[in-house]
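Summary of the model geometry
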Amino acid sequence: MTATSSASPVPIALAWCLAWGEGRDPQFPLPILQQMCAAIRTDDAAGIPEALQPLWAQVRQFQESVAATTFPKTLAELQSRYPELWRQTSRIGLVYGGATKIKGYVFESAKLPEIRGASALLDRINLVDLPAFFGDPEQTYLGWKALGKESQAELEAYVNRRVRPWLQQHYPALAQALIPELLIYSTGGNLLAFCPAAYVDDLCEAIERRYTEETLTANACAVGSAFRLLELRYGLLRDPIERTPWLDWLAQHQAHPLVRAYFGDCSEASFQARKSFNELVGHLAARFQHRRNGNPDPGRPSRAHPACFETHPYLRRDSTDRRPALAKADLPGQPWLSEATARKALVGRQVKRLETGQQGWFRKFPAWDPGFVESWVTRFARFLDSPAGEPYRERYLQPCAGSGQGIGEAQSLREVANASLGSQGFVAYLYADGNDMGGYVQQIQTPEAYRQFSRDVSEATEKAVYHALAQHLQAHRLRGLPPDPESGRDRNGEWIHPFEILTIGGDDVLMVVPAHKALDIAATFCEQFEQILLAKSATYAARSLGQVPHRYPADSPDQLCRLSTSAGVLFASEDTPIYYAERLTEQLLKSAKSRAKKLKPRDQDFSVATIDFLSLKSVTLIASSIQDFRQQALENRQNGHLLKLYAGPYTVPEIRGLLRTVQALQAADFPRSQLYQIRGFLEKGKRTATLNYLYFRTRLGQKGQPLIEAFERTWCKAKTNDGHLPPWMYVAAEGEPTYETIWRDLVDLYAFVQKQPQAEGRPVPVEVK
């Protein structure tokens, strides 16, 4: 089967399922089915066997229904338009599944190598193993073309050695029933695929079983159902179809709260948007959540392959303190590991190219093949060598004489912190996620659109990360580090890529970067994500150019994107527990997404990127949530108005302006002691803080002029006249007047911004190859 056809995979998938039938054995010989697929791939309708021509006619009519520009007003009109689909009763399987409770598995351990390995193992199952159920990696692995020949051979060998034999051993009939075109997407930890109706439960069980057997402890869930061909276009239909609620029924029941909850405003447009392929996916997603919560699926147990581990109060536990350890590993620190933790450690070391998979320390544990694992740094290096990375390559490799040879990976967070210029000992955790992706997905109405959207978002997220890292970082030579406390190895003098990517999945990103470039990287990532999507397709462009209420002067873009991302950035010491840092960064991300939701006008379809950050240099410990901390410690009510001693979250132009303001403070040689004094006066009230700020700024004389331009005239404009309210900003809010200030954020960022940053220019235009 060749994957070089220009034909859409969806008609091939539907024709395959219809030709297979609803039984476990195909109703036509396999060579006949393969001949049909080959003919469709080459657009040779005459080459389709005569016995399968009626089924192909049904698929063509389905394609006509997808391309139709008008929606049938009544069920009678639907029947008259597509009589073949109306009479057709054969069903096609649709399966939705993937990993669940991912953070509980990844951050179960507090050690970075095990966290890194857990994330890489889940990525391998989602991106390699599950797609390999459907065919060779050349046809199913999204990044196949970008791989070098050596990596392609390694991936192919792993699939032929581990995945396909496993599927043949446990589900031999299922292996015959799957072809590459059945896979709609397998990214972001989830999978959506067609399959013959009789193999829905088999495919669901295979997905759950693969996760359990490979990870031992990760949770996975998969559900599926069989639908008629007409349902793939017009959503869930009753049996008989005549009983299906349609527009006439909606007009009679639109006042019912349950109806409005399901169909929105109950308009014809809302009904059309709901009655599509999206309704089937939503139905499976609801069942997925039901099963994820431990409830049994019809005809299936709640957990087909639960992980069971014996426990005993007197047995030695592993590093997670949850399972009995099997052996002491010959690794730095001589840790005691359970089998599940040992697998994480092995994959984590292999990702960092410290393992070949044959090390002696793992022989103490049950035999297991870690498979094909490729690090994010390897992909980043490949990006630098590609046409898209060429504009950054020379600058990024400038410190090491322009050669990418011999640049390794950061082995620990202290090596990432070593690259934090001016703030060594600190790193920044960056957690980004798409805004209102669920709302956009609800507007997708066809399987082909689902496939394309998944690939576009996955590629845009990954490429945006690489653009941001390449634009703002450079290869770094380690210096001044003491020997590693566990291994005793001295790595001073070695060149590294100064970042740690923990995961990139779908529209999610979690990485650790040098503190002094964190906000630049976050802002560029958000911008590049939108630019890449806009370059891919006009469908991602907003229909109108609205006005975003930035608090900092910003140019209006020529085009706005319907999709955006938000990010949370946490500045923390290199020895901050990762699970604690991740929890705080997730709260910052939620705060940023909340502001993005408030900034989006109801009558506009564009989305706004936002960023929130916090420095643990000024706040040593937060026992409660960040929201509670800000409300209790950073908000005061005085003289009938509310004072907020912070201004986050910020939009991307505001983050850019914030960084410029910090640089203006540095250029003015504003004394740090006075920075802290003004911050202290913020709590004493609006007028007191203003008086002290103006006093200190006046004492600067001419040196204070940059501060006037970069701070007062840009951030502190009054709303009712041409004056200024430094260091406050008036915020239009319901109820009491509200004032907020960026001064505390400026003080927090002062140590994390270079006084004389290198010129990096404007973002490089995106060229999607």
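In this report, the structure presented in the accompanying data block is examined. All figures in this text were calculated on a predicted structure; none of them were measured in a lab. (Residues numbered from 1 in each chain as written. Predicted model: local features only at pLDDT ≥ 70, side-chain atom pairs only at ≥ 80, totals over all residues. Heavy atoms only, no water.)

Let us look at the overall build of the protein. Looking only at helices and strands, one finds 30 helices and 19 strands in the protein. Taken over the C-alpha atoms alone, the protein extends approximately 90 × 70 × 55 Å along its principal axes. Within the protein, buried positions represent 56% of all 769 residues. Taking all contacts inside the protein whose residues are at least 6 apart in sequence as the whole, residues at least 24 apart take part in 72%. Summed over all atoms, the accessible surface of the protein reaches about 33100 Å², with 49% contributed by carbon and sulfur. One finds the centroid of the 89 positive side-chain charges in the protein at a distance of 5 Å from the centroid of its 85 negative side-chain charges. (Helix = DSSP H or I, 4+ residues; strand = E, 2+ residues; numbered from the N terminus. Buried < 20%, exposed > 50% of the residue type's maximum accessible area, 1.4 Å probe, protein only. Contact = heavy atoms within 4.5 Å. Areas by Shrake-Rupley, 256 points an atom, 1.4 Å probe, with all protein chains shown as cover. Lys, Arg positive; Asp, Glu negative; His and termini not counted. Charge placed at Lys NZ, Arg CZ, Asp CG, Glu CD.)

On to the sheet that holds strand β13 (residues 565-573), then. Within the open sheet, the 6 strands sit side by side as β11-β12-β8-β13-β14-β17. Their pairing is mixed. Each end of this open sheet is capped by a strand with a single partner; those strands are β11 (500-505) and β17 (650-651). With 5 bridges joining them, β11 and strand β12 (residues 508-514) adopt antiparallel strand pairing. Within the sheet, the bridge partner assigned to glycine 505 lies in β12 and is aspartate 508. Packing of helix α23 (residues 518-536) onto the sheet brings it into contact with β8 (426-434), β12, β13 and β14 (610-615), and relative to β13 it is tilted by some 165°. (Pairing = 2+ DSSP bridges. Axes fitted to C-alpha atoms, helices over the stretch in contact; angles between N-to-C directions.)

What the rule picks out here adds up to 46 salt bridges. Put simply, arginine 491 and glutamate 415 hold a salt bridge, and the shortest N to O gap is 2.5 Å. Of this pair, arginine 491 sits in the loop between β9 (476-477) and β10 (495-497) while glutamate 415 is found in helix α20 (residues 413-417), placing the two residues 76 residues apart along the sequence. Both residues of the pair, arginine 491 and glutamate 415, count as buried. Notably, a salt bridge pairs arginine 543 with aspartate 605, separated by 3.7 Å at the nearest N-O pair. Of the two residues, arginine 543 is situated in the loop between α23 and β13 and aspartate 605 in the loop between α24 (578-599) and β14; the sequence distance between them amounts to 62 residues. A network of salt bridges, in which partner residues are shared, links Arg124, Asp129, Arg162, Arg210 and Glu214. (Salt bridge = Lys/Arg side-chain N within 4 Å of Asp/Glu carboxyl O.)

This part covers the pairing of β12. Burial analysis of β12 places 6 of its 7 residues in the buried class, the great majority of the element. In terms of strand pairing, β8 meets β12 through 6 bridges, oriented antiparallel. When the sheet's bridge partners are listed, valine 427 is paired in β12 with proline 514.

Another aspect to go through is the nonpolar core. Counting 238 residues, the largest nonpolar core has Phe194 and Trp743 as the members making the most contacts within it. The residues contacting tryptophan 743, other than those within four sequence positions of it, are Leu665, Phe670, Leu675, Ile678, Arg679, Leu682, Tyr693, Phe711 and Pro727. (Core = buried A, V, L, I, M, F, W, Y, C linked by side-chain atoms within 4.5 Å.)

Considering the arrangement of structural elements, one finds histidine 467 in helix α22 (residues 447-472). If we ignore the near neighbours within four places in the chain, the residues touching histidine 467 are Phe383, Ala388, Tyr392, Gln528 and Ile532.

Take unusual backbone geometry next. Across the junction of glycine 648 and proline 649, the peptide omega takes the value 0°, indicating a cis bond. Here proline 726 and proline 727 are connected by a cis peptide whose omega angle stands at 5°. In this structure, leucine 216 takes a positive phi of about 75° despite not being glycine. Positionally, leucine 216 belongs in the loop between α11 (200-215) and β4 (219-228). Classification of leucine 216 by relative accessible area gives buried; the value is 15%. Positive phi outside glycine occurs at aspartate 436, with the angle close to 50°. Following the sequence through the fold, aspartate 436 ends up in the loop between β8 and α21 (437-441).

It is worth spelling out the packing of aromatic side chains at this point. If you walk through the whole model with that rule in mind, you get 39 aromatic pairs. Arranged with centres 6.2 Å apart and planes meeting at 35°, the rings of tyrosine 82 and tyrosine 234 form a pair that is tilted. Within this pair, whereas tyrosine 82 is found in the loop between α4 (75-81) and α5 (83-87), its partner tyrosine 234 is found in helix α12 (residues 231-234), the two being separated by 152 residues in sequence. Given a relative accessible area of 5%, tyrosine 82 falls into the buried group. For the ring pair phenylalanine 571 and phenylalanine 752, a centre distance of 4.6 Å and an interplane angle of 15° mean the geometry is stacked. Highlighted residues: phenylalanine 571 in strand β13 and phenylalanine 752 in the segment after α30 (743-749), separated in sequence by 181 residues. Grouping residues by exposure puts phenylalanine 571 and phenylalanine 752 together as buried. Within the aromatic cluster, the residues linked to one another by ring pairs are Phe71, Tyr82, Tyr234, Trp246, Tyr262, Phe263 and Phe271. Between lysine 344 and the ring centre of tyrosine 105, over which it is positioned, the NZ or CZ distance is 4.3 Å. (Phe/Tyr/Trp six-rings, centres within 6.5 Å; stacked < 30°, edge-to-face > 60°. Lys NZ or Arg CZ within 6 Å of the ring centre and 35° of its normal.)

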